Amino acid sequence: MHKKFLVLAAVAIIFGLNQRAMAEPQAEVLHFWTSGGEARSVAVLQKEFVANGGIWTDMPVAGGGGDTAMTALRARVLAGNAPAAAQVKGPAIQEWYEEDALADISAVANAEGWDKLLPNAIAQHMKCEGSWCAAPVNVHRVDWIWANAEVLAKAGIEMPTSWEEFNAGAKKLKSMGIIPLAHGGQAWQDATVFEVVALGIGGPEFFHKAFVELDDASLKSNTMIAVFDQVRILRGFVDDNFSGRDWNLATSMVINGEAAFQIMGDWAKGEFTAAGKVPGIDFLCASAPGGGYLYNVDSFAMFRVSGSEKAEGQALLAKLIMGENFQKVFNLNKGSIPARVTTPLNEFDFCARQSAYDMAVSSGNGSLLPSYAHGMALRGAQAGAITDVVTAFFNSNMSSDEAVGRLSAAIKNSL
Ligand code: BGC
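Nothing here was measured: the structure is a model prediction, and the numbers come from that model.

J.: Could you clarify how one ought to interpret the packing of aromatic side chains in this entry?
T.: To describe a pair of aromatic rings, you give the distance between the ring centres and the angle between the ring planes. If you walk through the whole model with that rule in mind, you get 19 aromatic pairs. When the centroid spacing of 4.8 Å and the interplanar angle of 65° are considered together, the rings of F228 and F393 count as edge-to-face. Within this pair, whereas F228 is found in helix α12 (residues 222-235), its partner F393 is found in helix α18 (residues 380-394), the two being separated by 165 residues in sequence. On the basis of relative accessibility, which here comes to 1%, the residue F393 falls in the buried class. Ring plane angle 65° and centroid distance 5.9 Å describe the contact between F242 and F394, whose orientation is recorded as edge-to-face.

J.: Hey, could you run me through the site of the ligand in this one?
T.: In the neighbourhood of the ligand, 13 residues make up the surrounding shell, with E38, K89, D298, K334 and H374 lying closest. Between the ligand and E38 there is a distance of 2.5 Å, counted from an oxygen atom to a side-chain nitrogen or oxygen. In the environment of the ligand, an oxygen atom lies 2.9 Å from a nitrogen or oxygen atom belonging to the side chain of N296. Burial of the ligand by the protein chains amounts to 100% of its free accessible area of 310 Å². Counting atoms within 2 Å of the grid points, the majority share of the ligand lands in the largest cavity.

J.: It is not clear to me how the layout of surface pockets should be interpreted in this structure. Could you clarify?
T.: Where empty space is left can be seen by rolling a probe of water-molecule size over the atoms. Counted as a void, the largest pocket has a volume near 660 Å³. Lining the largest pocket are 26 residues, with D67, M70, A92, G375 and G380 sitting closest to its centre. Only α3 (67-78), α4 (91-98), α10 (187-211) and α18 provide two or more residues apiece to the lining of the largest pocket. Grouping the amino acids of the lining of the largest pocket by side-chain chemistry returns 11 nonpolar, nine polar and six charged. Counting the residues that make up the lining of the largest pocket, at least three belong to each of domain 1 (24-139 + 297-354) and domain 2 (141-295 + 364-414). By volume, the second largest pocket is sized at about 170 Å³. If you go around the second largest pocket, you meet 13 residues; those closest to its centre are I337, P338, R340, V341 and A356. Looking at the lining of the second largest pocket, the element that brings in the most residues is helix α17 (residues 350-365), giving three residues. Its residues assigned to classes, the lining of the second largest pocket comprises 11 nonpolar, one polar and one charged.

J.: Hey, could you run me through the domain arrangement of the protein in this one?
T.: Interfaces are often sized by the accessible area lost when the parts come together. In terms of domains, the protein is made up of domain 1 (24-139 + 297-354) and domain 2 (141-295 + 364-414). The straight-line distance from the C-alpha centre of domain 1 to that of domain 2 is 27 Å. Taken together, the contact pairs 27 residues of domain 1 with 26 residues of domain 2. Overall, the association of domain 1 and domain 2 removes approximately 2,200 Å² of surface from exposure, summing both partners, and the carbon and sulfur fraction of that is 53%. By the criterion of area lost to domain 2, the three top residues of domain 1 are P91, C351 and Q354, representing 21% of everything that side buries. Joining domain 1 to domain 2, the criterion identifies two salt bridges. Notably, a salt bridge pairs R379 with E98, separated by 2.9 Å at the nearest N-O pair. Where domain 1 meets domain 2, there are seven residue pairs in polar contact (both at pLDDT 80 or more). Mapped by element, the contributors of at least two residues to the side of domain 1 that touches domain 2 are α2 (36-51), α4, α16 (324-334) and α17. Along the lines of polarity and charge, the residues of the side of domain 1 that touches domain 2 split into seven nonpolar, 12 polar and eight charged.

Thresholds, definitions, all that
- Residues numbered from 1 in each chain as written.
- Predicted model: local features only at pLDDT ≥ 70, side-chain atom pairs only at ≥ 80, totals over all residues.
- Heavy atoms only, no water.
- Phe/Tyr/Trp six-rings, centres within 6.5 Å; stacked < 30°, edge-to-face > 60°.
- Helix = DSSP H or I, 4+ residues; strand = E, 2+ residues; numbered from the N terminus.
- Buried < 20%, exposed > 50% of the residue type's maximum accessible area, 1.4 Å probe, protein only.
- Near = heavy atom within 4 Å.
- Polar contact = N/O pair within 3.5 Å; in protein donor to acceptor, adjacent residues only side chain to side chain.
- Areas by Shrake-Rupley, 256 points an atom, 1.4 Å probe, with all protein chains shown as cover.
- 1 Å grid on protein atoms, 1.4 Å probe; cavity = no way out; pocket = protein on both sides within 12 Å on 5 of 7 lines; lining within 4 Å.
- Sits in = over half its atoms within 2 Å of the grid points.
- Points joined across faces, edges and corners; volume = space filled by probe spheres on them.
- Nonpolar A, V, L, I, M, F, W, Y, C, P; charged D, E, K, R; others polar.
- Domains from an automatic or database assignment.
- Contact = heavy atoms within 4.5 Å.
- Buried area = accessible area lost by both parts, 1.4 Å probe.
- Salt bridge = Lys/Arg side-chain N within 4 Å of Asp/Glu carboxyl O.

Here it is in structure tokens:
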């Protein structure tokens, strides 16, 4: 009897172990990477996950900047059916943590030594009250200008080093029948152009006061009026069909020479390279006039889900995301630079190397700044309040004076 029991117990244990060994890590991954360059990039993660025994369920939600994806995510979490991982960044990570929606991935982060592999500023975004709650995939720089090299050569103009130069070059292009600025009229794209101009005209200290500290005097200052004035000038360089256009279609206009410039983060480079274009030959990159560095770090937050295969999936995903190979290959495709500091940059092009260099310099002199337009600087309500004013300005004849008044009021109402 006793012996029979032991045999049964042994069989049960072996069966149990087998079952466990057979339980594959699973992850449903919600993201908004659906353009050509973005899809190639996220495929790198999916492939690595599957190669390591994981089962990946893809949940792409189209819409640049991720607003639609964030609405979809909220609906899923409210319905009690959160995805295992979602592309969430900046202060939104903390907002989800405060709602008790996130899983703790400290076990992986500590085992892999993330603290030593990430710049402190990035690590802080990934931590929730000391524990790790998100994994970073990259550093995107927002303040870039992209150009079609042949179009600029034809017009006899160089990459601009000041906004006056930009305006003069754009005027010339317009007179030649070329669209100076490829732009998509979506709120987040208007916000992107606006914050790049704000950094360029106001400088790093002004940017920090206005968009990190929400300092009222800065929001309604003469400098902010000058920022809106320049945005109004840029509005005149956009073609008539800009309304609602996706950002990657705007990039295509630069790729095929229909337009000369685009002001956009370096995910645009992912589109150029996916189209087989070479930096320095087919297209040009330059940091926008003015100086400083606007960072935008993409990351995945892990949500509270039940089931050991999902927890294993989250651990595997977190480990792969911070892996050296993923950080290299993903970012070569995405246009960004690795978040992990030990990833060699020798295979990266000069735009990426300039980004890494400028990031190091700006981190040393206080001009490394979080992008407000890409959810790194402010909580959703405040960022949304600013963007509403910017987009209303872009799509009307509102004066710059009125815009700064509205900006100040909108922030007061949102706090
Ligand atoms: C994200 C990028 C993305 C871009 C366009 C940005 O906010 O950080 O990863 O490619 O939006 O959707």
